[in-house]
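The chain contents come next:
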Amino acid sequence: MRKFTKHLIVAAASIAALALTACVGSADAPAGSAANDGYATVVVQTKTTAITQLSKPGLGKAAAITLDSLRIQAISNAVTPDTVYVRIKAPDSGFSSSATADQNVTVRLNLKALRSWTINVLTKDVRDSVVHNGTATVSNLVAGEVRATNLTATPNFTIYNTTFNLPDSISSPTGLTKQKLTFTRLQMYIGGTLRKDSLNTFTPSTNYVLTYDYVRAGADSVRLQVYGNITGANAIDPLTSTAWNTGSHLLYKNAVLISSLSAAPATNNVALAWQGPTTGKDSIVVTIQKVPQYNINGTTTAVVLSKK
């Protein structure tokens, strides 16, 4: 029986991590103020790295996460907290909408001195989901000071790409006889929840890619299932109570722990186990003909001997 192997490429959706460097100086104090008025300039340099992806044999068009904006909020520790808020909408200031692109963005913040500041950074996508977030503290900022602060914003999601390459048949160990397969459905479960389900007629030996890109951290496993029917198999599938040669039946499946997968560009091969019938049945009618029997009766007649 042919083994069906799926190439599972795992991209841990570490959506571009953000590395922020903050520098403080007085050169860009707001109009009408100077460093000795109690202001300093914080230069925030944002660096994003490519999103991590998990790829597996699967189906469907990849739907990349599209970033909408980068948002930076600085809050002071004053009795009445000072707040500075900056929103950069892609593609302004060099901020890209692609979550898989490496990028650098520099933002200058004018902050009041003689305070400590907490800087929060996040990105949002076009669905208004928070994709990255991170925080850093600038302690005891004084007028005229220049300081660098590094901040890394980590992604909240993982992207899974699954590529299915479907065989055209099953065969015997000798390979002399083959039985045609028709595929009708591909499924991907993540953490026990069905995330992708595609009904179609799939061409054998053609790659079909299934992508799910909003997987929260904490999912423990990925399960793949393939459905179809088998030419000539008129036996009844106990799961569907219909013949294997019609409709849609579970033909292949397997599950893999996410912790065992390697992030892209590595490819993780997952062998899907055959779930269909492995034996054939035939009814043989034997007719036993009766053995011919001949009854032969020997008869004698009275013999009258003549006198001479």
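Residues numbered from 1 in each chain as written. Predicted model: local features only at pLDDT ≥ 70, side-chain atom pairs only at ≥ 80, totals over all residues. Heavy atoms only, no water.

What to know about the packing of aromatic side chains
Link 1 in the chain: All chains considered together, the criterion is met by three aromatic pairs.
Link 2 in the chain: Through a chain of ring-to-ring contacts, three or more aromatic side chains come together here, namely F183, Y252 and W274.
Link 3 in the chain: Of note, R185 hangs over the ring of Y227, and the distance from its end group to the ring centre comes to 5.7 Å.
Link 4 in the chain: Lying over the aromatic face of Y189, R223 brings its terminal NZ or CZ to 3.9 Å of the ring centre. (Phe/Tyr/Trp six-rings, centres within 6.5 Å; stacked < 30°, edge-to-face > 60°. Lys NZ or Arg CZ within 6 Å of the ring centre and 35° of its normal.)

As for the pairing of strand β9 (residues 130–141)
Link 1 in the chain: The pairing of strand β8 (residues 115–125) with β9 spans nine bridges and is antiparallel. Across the sheet, residue W117 finds its bridge partner in β9, namely V138.
Link 2 in the chain: Adjacent in sequence and paired antiparallel, β8 and β9 are bridged by four residues, among which D128 carries a positive phi angle near 70°.
Link 3 in the chain: Direction of pairing for β9 relative to strand β10 (residues 149–155): antiparallel, over a ladder of two bridges. Paired with H132 across the strands is P155, a residue of β10. (Pairing = 2+ DSSP bridges. Helix = DSSP H or I, 4+ residues; strand = E, 2+ residues; numbered from the N terminus.)

Overview of the pattern of salt bridges
Link 1 in the chain: Applying the stated criterion across every chain, the model contains six salt bridges.
Link 2 in the chain: A salt bridge links D82 to K112, with the shortest nitrogen-to-oxygen separation between them at 3.6 Å. Linking D82 in the loop between β5 (67–76) and β6 (83–89) with K112 in strand β7 (residues 103–112), this pair joins segments that are 30 residues apart in sequence.
Link 3 in the chain: A relative accessible area of 15% means that D82 is categorised as buried.
Link 4 in the chain: Linked by salt bridges that have partners in common, D68, R87 and K89 make up one network. (Salt bridge = Lys/Arg side-chain N within 4 Å of Asp/Glu carboxyl O. Buried < 20%, exposed > 50% of the residue type's maximum accessible area, 1.4 Å probe, protein only.)

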